[in-house]
Structures are given as C-alpha cells and as structure tokens.
Amino acid sequence: MTKKDIMSRRHFLKGAMVLSGASVLAGGVGPSFANLNALSRNLSFGNLSGYKSLVCIYLAGGNDSVNMIIPRSDSGYATYADVRQDLAVDRDSLLSIDTTSSQDDQFGLHPKLPNLHQLFNQKKLSFISNVGSLVEPTSYDDYMNRRIELPPHLFSHNDQTKQWLRGSLPASQLQGWAGRIADGLQTNANPNGVLPMNISTSSSNAWQIGRETLPYVLARTGAQEYKAFKGASKANQARRATYQKLLEASQDNVFLSEYQGIQKTSLNLSTEVADVLNALPELQTVFPDTKLGDQLKTIARMLKARDSFSMNRQCFFARKNGFDTHANQNEEQAELYEDLDQCLAAFQNALIELGIEDDVVTFTASDFGRSVGTNGDGTDHGWGGHHVIMGTSVKGGEIIGRMPDLSLDGTDTINRGRLLPQFSVDQYAATLAQWYGLDAQGALSVFPHLSNFQTHNLALFS
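Let us look at the structure shown here. These figures come from a predicted structure and were not determined experimentally.

Section: a negative patch on the surface
Together, Asp86, Glu331, Glu332, Glu335, Glu338 and Asp377 line one region of the surface with negative charge. Tracing the sequence through the fold places Glu331 in helix 12 (residues 329-354).

Encoded structure:
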C-alpha cells in the first residue's frame with residue numbers, strides 16, 4: 001500500500017465515524033492496534049502501575065471565567081466593577097477563598113459555586129489562572145509588535161476548540177492530545193484492555209482521536225445499543241443475523257474492509273458494555289437530572305466497571321454547552337455555573353463512593369475565555385481564561401499562576417479587553433499528561449511546542 005493510500009484510508013476512517021452515526025454512538029473504536037508497539041517505543045513513559053483516569057469537562061462556547069474568580073479587595077474589585085459594569089457580580093455575594101500562593105489580591109468565587117468553594121477549602125480543587133492557546137511565550141509587547149508566532153485564527157470557536165483539544169499543532173494535524181497518548185500507551189498501560197483508552201459521553205471529539213486509535217463513544221446515559229437489533233423479536237434477530245453476514249463477508253476493497261471492522265467491533269461492544277453496566281449495582285451518589293449530570297453519572301459507572309474491562313488508564317470526555325454568552329449573560333451564566341457546580345460535586349462524591357478519589361483528576365477546558373469588558377448584555381470572544389482542576393492528588397486550595405490585571409489599559413489585556421494568556425494549553429495539558437503516566441520526554445513528544453516554553457510542568461499536583 002502506498003503512502004497516499006494510507007493517508008486516504010485514514011481520512012476515510014475519520015469520515016466513517018461521522019457516516020456510521022448510531023454505530024459510533026454504540027461504540028466506535030479504532031480499526032487496528034497493529035502499529036501501537038512501534039508507536040509506544042517512541043513515546044516514553046514513567047510508572048504505569050495502578051489505575052489513573054483523566055476526565056475532561058469541555059465548557060463549549062467560551063467560559064467567561066472573569067466572573068468565576070473575582071477580586072474582592074477594595075482596589076481589585078473597583079477595577080473589576082469598572083470594566084464589567086452591569087455584568088459585575090455583587091461583592092457581598094462572593095464566596096471568599098484564601099490561598100497560600102502568592103497573589104496580589106484577595107478573591108472570591110461566583111455565588112453559584114458553593115460546592116467548588118467547599119472543595120477548594122478542603123484542598124480537593126484548585127484553579128489555574130489565565131490559560132490559552134500559545135505557540136510560544138507571548139508578552140504584550142510581543143503581541144502588539146507581531147514579534148512572535150500566534151495560533152491560527154485566534155478568537156474563532158472552531159479553530160480555538162481544535163487548539164485546546166489537539167494542542168498547538170498545525171491545522172493539518174488531526175490528532176488530539178489524548179489520542180496521541182492512547183496511540184503510544186494503549187498497549188503498555190492497558191495490555192489486556194477490552195476497551196479503547198479514550199471514552200466520550202458526548203459524541204466524537206478532536207481530543208480523543210489518534211492516528212491508530214479512536215474513542216469509544218457512549219450516549220450520555222450509557223451504552224446505546226442498535227435499536228434495529230435490540231430485543232428478542234424474530235424480526236430484530238433476523239436483521240442482526242443478516243447484518244452479521246454482511247460484516248463477515250470477504251472484501252477486496254481496503255475501505256470496505258476497515259469499515260466492516262469498525263462496525264463489527266461497535267456492534268459487539270454495544271452489547272458487552274450494556275451487559276456489564278446493567279449488571280452493576282446502582283451508585284448511591286445522586287447526580288443532577290441534567291445533560292452534564294447524566295454524562296458524569298455514566299462516566300462514574302464506567303469507572304466502577306474498570307476492572308471488568310481490564311483498564312488501568314482511561315481518559316473520559318464530557319461536554320456542557322451554552323457558554324457563548326454574547327447576551328443575557330447574568331441569568332444564563334448563573335444557571336450554567338449552578339449546574340456545573342452541582343455536577344462536579346456529585347462526581348467527586350461518586351469517586352469517594354468508588355474508593356478511587358486519589359486516582360481520578362477532573363479538569364475543565366473551553367474554546368477561550370471571554371472579553372473582560374461588556375458588550376452591554378454579555379461578553380465577546382476572548383483568549384485566556386481560568387480553569388478548574390479537581391482531585392485529591394491535586395495541590396488543592398490554590399490559584400496556580402498569577403491572576404491578571406483586569407484594567408483595559410494594562411499589559412494583561414489586548415484589543416477589546418481580551419486576556420493575554422499566562423500559560424499555554426500545551427503547558428496545562430502536558431502537566432496533566434505527566435501525572436497520567438508520560439515522563440518529561442514523552443510530554444515533549446506529544447506536545448512539540450512545549451519546548452518553546454521554559455516551564456514544562458506547572459506543578460499542579462502534590
């Protein structure tokens with residue numbers, strides 16, 4: 001097979017994930033693990049003993065985190081209130097937090113985040129300040145004088161989502177950073193694993209796609225079986241038998257053969273995963289009856305089933321929509337934060353119930369932060385933003401990094417009040433990846449632009 005044929009095959013497989021629709025929801029997986037041994041030899045890792053899991057909660061649309069962590073000193077709040085105007089959260093309603101890290105101000109959380117406030121005080125949660133897509137370190141003067149390479153299409157939802165989920169790779173590179181890790185670690189970390197390393201509860205996503213691995217995709221409430229084959233009716237069983245014959249038929253065409261492989265694995269896993277989950281005792285933890293609550297409950301159930309599938313390393317993806325708050329932000333953001341707060345608390349309680357509180361790290365990602373200034377009823381597309389990282393292995397009760405000056409005439413904001421990121425997505429992600437199992441050299445392999453930055457690990461963990 002020529003190099004052109006291989007590339008065409010990969011593009012076909014990427015398309016097959018979309019074309020196969022329900023079959024992917026039932027559990028699309030990679031076409032072949034044949035090249036993973038070669039890949040793993042090129043991806044160095046540390047200690048892979050025990051169980052570890054990363055859970056990404058993607059806040060789709062661009063979270064306005066300036067209203068998540070708010071200055072509460074006289075001078076800090078005055079600056080905040082001046083730029084936020086009608087979007088400013090009342091100072092007396094803020095949930096006060098104290099950190100041992102060096103900060104130039106005092107801070108409080110949005111009043112709809114009482115559970116995150118409690119987890120922060122219990123040192124089970126921290127915030128990382130002002131993260132955004134960067135190719136190399138970028139100062140205010142560098143940006144204004146165009147002295148550095150910038151990520152492509154800044155402030156665009158689509159492009160910045162790709163930058164967050166793939167790391168700062170060229171647009172021609174289609175693999176996400178969890179997918180690249182799975183390519184290199186699947187065989188070593190999960191030698192007897194039944195499932196792919198990456199599992200999504202919110203359709204296929206750029207974060208989990210590798211060169212040789214694809215995510216296993218669940219519906220938000222669990223394994224979605226093929227409706228046309230479900231049940232004991234003669235018609236459904238006949239349809240399943242006919243479909244099985246089609247999947248077993250010999251094919252000379254490489255595309256049809258690979259497509260058969262995806263469909264066959266998807267069909268088998270949909271039944272196997274459903275059987276395992278249905279046999280599990282119900283979780284005692286109560287989750288909110290929301291889309292994000294359903295996703296995190298399903299992830300918790302999959303974590304409970306980890307031994308049934310012989311998994312030692314897993315990455316999970318959940319998504320919460322609605323953060324593109326150009327208008328009506330005060331009301332909408334309060335609802336978004338209330339749900340996020342309750343869902344994260346329930347998920348952490350489920351980890352305690354399962355006895356794996358030390359083994360799972362949950363973190364947020366988003367397209368970008370939003371503008372510091374208001375557009376009158378909301379905020380516009382920004383750049384840097386603050387993020388949550390949760391787990392008992394996290395260095396809890398901290399704001400990692402320096403909180404930015406929110407004044408519009410300072411050097412922490414650029415055009416129209418967008419925060420200039422302090423940390424790159426690659427630094428944030430590489431730190432998570434090193435906790436997960438990569439060593440320092442492995443992190444540089446997965447995140448090539450990490451070498452542009454002096455700090456390769458942000459010391460998020462105890």
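Once you've had a look at it, read on.
Section: the environment of His381
Tracing the backbone through its elements, the reader meets His381 in the loop between strand 9 (360-366) and strand 10 (385-390). The spacing of His381 and Asp324 is 57 residues in sequence and 8.2 Å in space, taken between C-alpha atoms. Contacts of His381, omitting those with residues within four sequence positions, involve Phe155, His157, Asp324, His326, Phe368, Gly369, Arg370, Ser371 and Arg418. Within the structure, the side chain of His381 is placed 3.1 Å from the side chain of His326, a separation counted as a polar contact.

Notes on the pattern of salt bridges
The full count for this structure, using the stated rule, is nine salt bridges. A salt bridge links Arg84 to Asp64, with the nearest nitrogen and oxygen atoms 2.7 Å apart. Separated by 20 residues along the polypeptide, Arg84 in helix 4 (residues 74-84) and Asp64 in the loop between strand 1 (52-59) and strand 2 (69-71) bring together distant segments of the chain. Under the relative-accessibility criterion, Asp64 is labelled buried at 1%. One salt bridge in this structure joins Lys124 and Glu357, with 2.9 Å as the shortest N-O distance. In this pair, Lys124 is assigned in the loop between helix 5 (114-121) and strand 5 (125-132) and Glu357 in the loop between helix 12 and strand 9, connecting sequence segments 233 residues apart. Glu357 matches Lys124 in its accessibility class, with the two residues each being buried.

Here's the deal with the packing of helix 5 against helix 12
It is the contact of helix 5 with helix 12, at a shortest axis distance of 7 Å, that shows an interaxial angle of 45°. When the axis of helix 5 is compared with that of helix 12, the two are oblique. Side by side, helix 5 and helix 12 meet where Pro114, Asn115, Leu116 and Leu119 of the first sit next to Asp341, Gln342, Leu344, Ala345 and Gln348 of the second. For the contact of helix 5 with helix 12, a count of residues per class yields five nonpolar, three polar and one charged.

Cut-off values and rules
- Residues numbered from 1 in each chain as written.
- Predicted model: local features only at pLDDT ≥ 70, side-chain atom pairs only at ≥ 80, totals over all residues.
- Heavy atoms only, no water.
- Patch = residues over 30% accessible without salt bridge, like charges linked within 9 Å, V, L, I, M, F, W, Y side chains within 5 Å.
- Areas by Shrake-Rupley, 256 points an atom, 1.4 Å probe, with all protein chains shown as cover.
- Salt bridge = Lys/Arg side-chain N within 4 Å of Asp/Glu carboxyl O.
- Lys, Arg positive; Asp, Glu negative; His and termini not counted.
- Charge placed at Lys NZ, Arg CZ, Asp CG, Glu CD.
- Helix = DSSP H or I, 4+ residues; strand = E, 2+ residues; numbered from the N terminus.
- Contact = heavy atoms within 4.5 Å.
- Polar contact = N/O pair within 3.5 Å; in protein donor to acceptor, adjacent residues only side chain to side chain.
- Buried < 20%, exposed > 50% of the residue type's maximum accessible area, 1.4 Å probe, protein only.
- Axes fitted to C-alpha atoms, helices over the stretch in contact; angles between N-to-C directions.
- Parallel < 35°, antiparallel > 145°, perpendicular 65-115°, else oblique.
- Nonpolar A, V, L, I, M, F, W, Y, C, P; charged D, E, K, R; others polar.

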